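Structural characterization, general
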Amino acid sequence: MVVVGWLEDLLDHAWLLWIAAALVLGILELTALDLVFAMLAGGALAGALADAAGLGYVGQVLTAAAAAALLVGTVRPVLLRRLRMPPAGTTNAPALLGRPALVLTDVTVRGGTVKLVGETWSARSAAPGQSFTAGEDVVVVAIDGATAVVGPPAPAAPPAPPEEEP
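Heads up: these notes are all about the structure in this document. (Residues numbered from 1 in each chain as written. Predicted model: local features only at pLDDT ≥ 70, side-chain atom pairs only at ≥ 80, totals over all residues. Heavy atoms only, no water.)

**Digging into the pattern of salt bridges**
Selection rule: Here, a salt bridge means any Lys or Arg side-chain nitrogen found within 4 Å of an Asp or Glu carboxyl oxygen. Helical segments are the DSSP runs of H or I of at least four residues, strand segments are the runs of E of at least two, and each set is numbered from the N terminus. The buried label goes to any residue with under 20% of its type's maximum accessible area, the exposed label to any with over 50%, and the partly exposed label to all in between, with areas taken from a 1.4 Å probe on protein chains only.
On inspection of all chains with the given rule, the structure shows one salt bridge. The partner of Asp144 in a salt bridge is Arg124, with the nearest N and O atoms 2.8 Å apart. Taken as a pair, Asp144 in strand 4 (residues 137-144) and Arg124 in strand 3 (residues 119-125) lie far apart in primary sequence, 20 residues in all. A residue is classified by how much of its surface remains accessible, and Asp144, at 44% relative accessible area, is partly exposed.

Now the structure itself:
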């Protein structure tokens, strides 16, 4: 029979089927992005290696299933934790908190401007009745939209008394 001969030829090159399965699973992973299909593709590659090692069809399937299960159970959780970690550096508004700024125009509770990280920002004072004049140093205590909320800088620590030599 023609079909049986074709099927036997295909099964003689089972490693090609495993590689094709790994490619298809890899493409599916690009759409899913949850790393399950990537781990299954790893299992398919293990099936191809099992064929190269001379295992029969049952051994190839069992090897592929065991490798996929091992990858899903061990490697995937580690990779997901790694991918979901927050970035090492702080950016955007949280990065500006505590930064020093220079008052450009008088800052009151109603408004003013400061020079913050090389840029001119609209600003307002943090406490009612508190104001800062041009040229004063302030510290950013909050960011409210596009407005820096500023307060007085922390007082400098008094210098330590000199140590006496014996």
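**Considerations on unusual backbone geometry**
At Leu33, a position not held by glycine, the phi torsion is positive, near 55°. Positionally, Leu33 belongs in the loop between helix 2 (14-32) and helix 3 (36-52). In this structure, Val117 is a non-glycine residue whose phi angle is positive, near 50°. The residue Val117 is located in the loop between strand 2 (113-116) and strand 3 in this model.

**Comments concerning the side chain of Ser125**
For clarity, the cut-off: Polar contact is defined as a pair of N or O atoms within 3.5 Å, subject to the rule that within protein one atom must be able to donate a hydrogen and the other to accept it, and that residues adjacent in sequence are counted only when both atoms are side-chain atoms. Only heavy atoms enter the contact rule, under which two residues are in contact if any of them lie within 4.5 Å.
Tracing the chain through its elements places Ser125 in strand 3. Overall, the relative accessible area of 0% leaves Ser125 in the buried class. Within polar-contact distance, the side chain of Ser125 engages the backbone nitrogen of Val109 at 3.2 Å. From its side chain, Ser125 meets the backbone oxygen of Gln130 in a polar contact 2.8 Å long. If near-sequence neighbours (up to four positions away) are discounted, Ser125 is found in contact with Val107, Thr108, Val109, Gln130, Phe132, Val149 and Val150.

**A short note on the nonpolar core**
Quick reminder of the rule: Throughout, nonpolar core names a set of buried Ala, Val, Leu, Ile, Met, Phe, Trp, Tyr and Cys residues whose side chains join them through atoms within 4.5 Å.
Residues Val107, Val114, Leu116, Val138, Ala148 and Val150 are the most contacted members of the largest nonpolar core, which totals 13 residues. Those elements that place two or more of their residues in this core are strand 1 (100-105), strand 2, strand 3, strand 4 and strand 5 (147-151). In this structure Leu116 touches Leu96, Arg99, Pro100, Ala101, Trp121, Val140 and Ala148, once residues within four positions along its chain are discounted. Ranked by size, the runner-up nonpolar core spans eight residues in total, among them Ala14, Ala22, Ala41 and Ala44.

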